[in-house]
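# Reading the structure
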Amino acid sequence: MIVHKTPRLLLETWDLDDFEAFAAIARDADVMRFIAEGEPWPDSRIGWFMGKQAGLQETLGFCHWKMTDRTSRELLGFCGIAPLASVGEIEIGWWLKPAHWQKGLAFEAAERVVRAAFDDYGIRRIVARAYRANTRSIALMERLGMTFDRLLEPGPVGAIVLFVLEAPASPVSQMEESSRMGQG
């Protein structure tokens, strides 16, 4: 099921038929270099991830959606939001096949997901994390307007940074704040 669209991409719910296409990404050493332990995932973890996303979509209405090309319908990776239990926040995350790196696709998807998080799902703050050595993901976080918050416990690949983005204040809340300040 298509959940969100961008000019070049579809963000969709996961199907069992997506396993092989997603497994090719999760087994790619270049993709996984800065993910979790820095190693390609076994089939059991790939299946667990896909099942977890389906469960999150069912219970929360959002997840890390599969990212597909609008024209070819090729599965390119994923982008979405999900709870990050270790910090008690909602995290945005993305993976993309190396053949599609440096084409602006991750930003295009992430920008749409940020807008949906704030406008459609009522989330007021999102976080993103990356190994400090993952300069491309950090650059994408900064391009999204995210700012450095703090270092997390280091992982197998090194230091992990946490970036945050707050939802813009709504016009109503800005007016309420101005009204309160004027009553001083």
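Everything below is about the structure shown above.
What comes next is a walk through the structure. (Residues numbered from 1 in each chain as written. Predicted model: local features only at pLDDT ≥ 70, side-chain atom pairs only at ≥ 80, totals over all residues. Heavy atoms only, no water.)

Let's shift gears to the nonpolar core. Counting residues in hydrophobic clusters, the biggest one holds 52 residues, and the most contacted among them are F22, I92, W94, W95, I126 and M146. With 9 residues, helix 4 (residues 105-119) is the single largest residue contributor to this core. If you look at the next biggest cluster of nonpolar residues, it comprises 9 residues, including F34, Y131, L162 and V164. (Core = buried A, V, L, I, M, F, W, Y, C linked by side-chain atoms within 4.5 Å. Buried < 20%, exposed > 50% of the residue type's maximum accessible area, 1.4 Å probe, protein only. Helix = DSSP H or I, 4+ residues; strand = E, 2+ residues; numbered from the N terminus.)

In this section: the pattern of salt bridges. Under the defined criterion, the tally for this structure stands at 13 salt bridges. Close ionic contact of K97 with E74 constitutes a salt bridge, the shortest N to O distance being 2.7 Å. Taken together, the positions of K97 in the loop between strand 5 (89-96) and helix 4 and E74 in the loop between strand 3 (64-69) and strand 4 (75-84) put the pair 23 residues apart, joining distant regions of the chain. Looking at E74, the relative accessible area reads 30%, which means it is partly exposed. Residues joined by salt bridges that share partners form a network here, namely D15, D18 and K66. (Salt bridge = Lys/Arg side-chain N within 4 Å of Asp/Glu carboxyl O.)

Geometry only, nothing functional implied.
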